[in-house]
Amino acid sequence: MPEESIDHIDFEELNRKAISPPIATHLYTADPSAHVFNNKIYIYPSHDIDAGDAFDDLGSHFAMEDYHVFSMDDISGNVIDHGMALHVDNVKWAERQMWAPDANEKNGQYFLFFPAKDYNGIFRIGVAISDNPHGPFIPQDNPIKDSFSIDPAVFKDDDRSYYMYFGGIWGGQLQRWRTGVFNGDHPESPTAFLPKDDEPALLPYVAKMTDDLLQFDESPKEVEILDENGDLLLAGDNDRRFFEAAWLHKYNGKYYFSYSTGDTHFICYAIGENPYGPFTYKGRILNPVVGWTSHHSICEFKGKWYLFYHDSSLSKGVTHLRSVKIAEIKYNDDGTIQTLEPYGRN
Ligand code: FUB
């Protein structure tokens, strides 16, 4: 698929209608994972740069090298950039492409979870540790054993169990693991090994973490996303099937699994009764933003719920130069989420 044309977009008008501005303009940021630690909001984004790589459907243009952590005392307060928290040069096993990270806390220590390509060009997921929520983080020498693909999101349940959700198709390589081992054939093709349109879509994975949060405590299990009839969503159901950007939050005792549909650019969600699912598709949280990717997290702060997301409005549509934004989300009485229109301000 070619990069989508942005020639027709009037960015002045788009920004006027945007429901939220970028939270930072001094650098490009994306893929925000937000958490509340010590009564502050901490945001763990990707740090977008222009490394000069051409756009392709493998995401080669996303050539990020490091992470910065942001914090905010309040949702509309100052945004503090705590500086570089981790650089790929300090991660022994990782060569390139520091994609969407997440973080979590346990017993006063903070853990940064991040995907990167190893020296064989295979995405793995690593962990780095700090005594501070903003780092700097010290990486482990090796990635999580048996980790693969991208976009880790680590959810802490009320019983203090931690679960990692992960996976992403196309450049995220999930489709290359269908037999349990990496298939490196046709390296130039983002869609080789995808299921046919009338077959069940590829699914993200979940694994409970070990007590030290450094490894999977079990073999990762597929996260089933079902339609209204209880059937798995199909690979050809591009408006609803999982592509990347998994996130899990809990609201009123239910587990909400949310994700991006990638090539159709929606942030969708599905509801389940436990961290493993299955989850039943319920709808869209965010309609398409400017820029090819859409990625998000959801977090409660002072009794309100917020969507942390990104778009490419600041860079005037450059796919790999994105900016983090925040918008409040509202739940209906039946637990469904009201869809946000990112440029719907009157
Ligand atoms: O930022 C690189 C990749 O783009 C992320 O890992 C995906 O979720 C998409 O946002």
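Residues numbered from 1 in each chain as written. Predicted model: local features only at pLDDT ≥ 70, side-chain atom pairs only at ≥ 80, totals over all residues. Heavy atoms only, no water.

Some details on the overall build of the protein chain
Across its full length, the protein chain holds 1 helix and 21 strands. In terms of overall size, the protein chain behaves like a compact globule, its C-alpha atoms giving a radius of gyration of 18 Å where 346 residues would be expected to give roughly 20 Å. The C-alpha extent of the protein chain, read off along each of the three principal axes, is 50 × 50 × 45 Å. The burial tally for the protein chain puts 58% of its 346 residues in the buried class. Here the contacts in the protein chain between residues at least 6 apart in sequence split such that 53% fall between residues at least 24 apart. Total accessible area computed for the protein chain in this model is approximately 14,400 Å², and 45% of it derives from carbon and sulfur atoms. (Helix = DSSP H or I, 4+ residues; strand = E, 2+ residues; numbered from the N terminus. Rg over C-alpha atoms; globule rule 2.2 N^0.38 Å. Buried < 20%, exposed > 50% of the residue type's maximum accessible area, 1.4 Å probe, protein only. Contact = heavy atoms within 4.5 Å. Areas by Shrake-Rupley, 256 points an atom, 1.4 Å probe, with all protein chains shown as cover.)

Description of the sheet that holds strand E16 (residues 254-260)
Pairing is mixed across the open sheet formed by 5 strands, whose spatial order is E14-E18-E17-E16-E15. Across the chains shown, the open sheet's two edge strands, defined by having one partner strand only, are strand E14 (225-226) and strand E15 (244-251). As defined by bridge partners, strand E17 (residues 267-272) adjoins strand E18 (residues 279-286) across 6 bridges and the pair is classed as antiparallel. Bridge assignment links Cys268 to a residue of E18, and that residue is Arg284. (Pairing = 2+ DSSP bridges.)

Focus on unusual backbone geometry
A cis amide bond links Gly135 to the next residue, Pro136, at an omega of 5°. That bond from Gly277 to Pro278 is cis: its omega, 5°, falls within 30 degrees of zero. Along the chain, Pro278 turns up in the loop between E17 and E18. Although it is not a glycine, His186 adopts a positive phi angle of roughly 45°. Judged by relative accessible area, which is 47%, His186 ranks as partly exposed.

Observations regarding the pattern of salt bridges
Across all of its chains, the model carries 19 salt bridges by this definition. Residue Lys250 pairs with Asp157 through a salt bridge whose shortest N-O separation is 2.9 Å. Of this pair, Lys250 sits in strand E15 while Asp157 sits in the loop between strand E10 (153-156) and strand E11 (162-166), and the two are 93 residues apart along the sequence. For Asp311, the salt bridge is made with Lys325, and the minimal N-O distance between the two is 2.9 Å. With Asp311 in strand E20 (residues 304-311) and Lys325 in strand E21 (residues 323-329), the pair connects residues that are 14 residues apart, well separated along the chain. (Salt bridge = Lys/Arg side-chain N within 4 Å of Asp/Glu carboxyl O.)

Digging into the nonpolar core
By size, the foremost hydrophobic cluster in this structure holds 43 residues, and its most contacted members are Phe113, Met164, Tyr165, Met209, Phe257 and Tyr259. The element contributing the most residues to this core is E11, with 5 residues. Filtering out sequence-adjacent residues up to four positions away, Tyr165 remains in contact with Asp151, Pro152, Ala153, Phe155, Tyr205, Val206, Val223, Ala246, Leu248, Phe257 and Pro275. (Core = buried A, V, L, I, M, F, W, Y, C linked by side-chain atoms within 4.5 Å.)

Quick notes on the packing of aromatic side chains
According to the stated counting rule, one finds 30 aromatic pairs in the structure shown. Measuring from ring centre to ring centre gives 5.7 Å for Trp170 and Trp292, while their planes differ by 40°; the resulting arrangement is tilted. One end of the pair, Trp170, is in the loop between E11 and strand E12 (205-208); the other, Trp292, is in the loop between E18 and strand E19 (296-301), with 122 residues separating them in the sequence. Overall, Trp170 belongs to the buried group, its relative accessible area being 10%. (Phe/Tyr/Trp six-rings, centres within 6.5 Å; stacked < 30°, edge-to-face > 60°.)

Quick word on the site of the ligand
Near the ligand, the surroundings consist of Asp31, Phe62, Met64, Trp99, Ala100, Ile150, Asp151, Glu244, Thr293, His295, His310 and Arg322. At 2.5 Å, a side-chain N or O of Asp151 approaches an oxygen atom of the ligand. For the ligand, whose unbound accessible area comes to 280 Å², protein coverage reaches 99%. Looking at the shell around the ligand residue by residue, the class counts come to 5 nonpolar, 3 polar and 4 charged. (Near = heavy atom within 4 Å. Polar contact = N/O pair within 3.5 Å; in protein donor to acceptor, adjacent residues only side chain to side chain. Nonpolar A, V, L, I, M, F, W, Y, C, P; charged D, E, K, R; others polar.)

Quick notes on the environment of Phe308
Examined against the element boundaries, Phe308 turns out to sit in strand E20. According to the relative accessible area criterion, Phe308 is buried, its value standing at 1%. Along the sequence, Phe308 and Arg124 sit 184 residues apart, while their C-alpha atoms lie 24 Å from each other. When residues no more than four places from it in sequence are discounted, the contact partners of Phe308 are Pro32, Ala34, Ile41, Ile43, Ile75, His295, His296, Ser297, Cys299, Lys325 and Ile326.

Some words on the side chain of Ser149
Mapped onto the secondary structure, Ser149 falls in the loop between strand E9 (138-139) and E10. We classify Ser149 as buried; its relative accessible area is 0%. In this structure the side chain of Ser149 is engaged in a polar contact, spanning 3.0 Å, whose partner is the backbone nitrogen of Gly168. A distance of 2.6 Å separates a polar atom in the side chain of Ser149 from the backbone oxygen of Gly172.

Describing the pairing of E11
With 5 of 5 residues buried, E11 is to be regarded as a mostly interior element. Side-chain alternation along E11 places Tyr162, Met164 and Phe166 on one buried face and Tyr163 and Tyr165 on a second face that is also buried. Where E10 lies against E11, 4 bridges are found, and the strand directions are antiparallel. Bridge pairing in E11 places Phe155 opposite Tyr163. Connecting the antiparallel pair E10 and E11 is a turn made up of 5 residues, with Arg160 showing a positive phi of about 70°. As judged from the 4 bridges shared by E11 and E12, these two strands associate in the antiparallel manner. Looking at E12, one finds that Tyr165 is bridged to Val206.

All quantities given are derived from atomic positions and should not be read as evidence of function.
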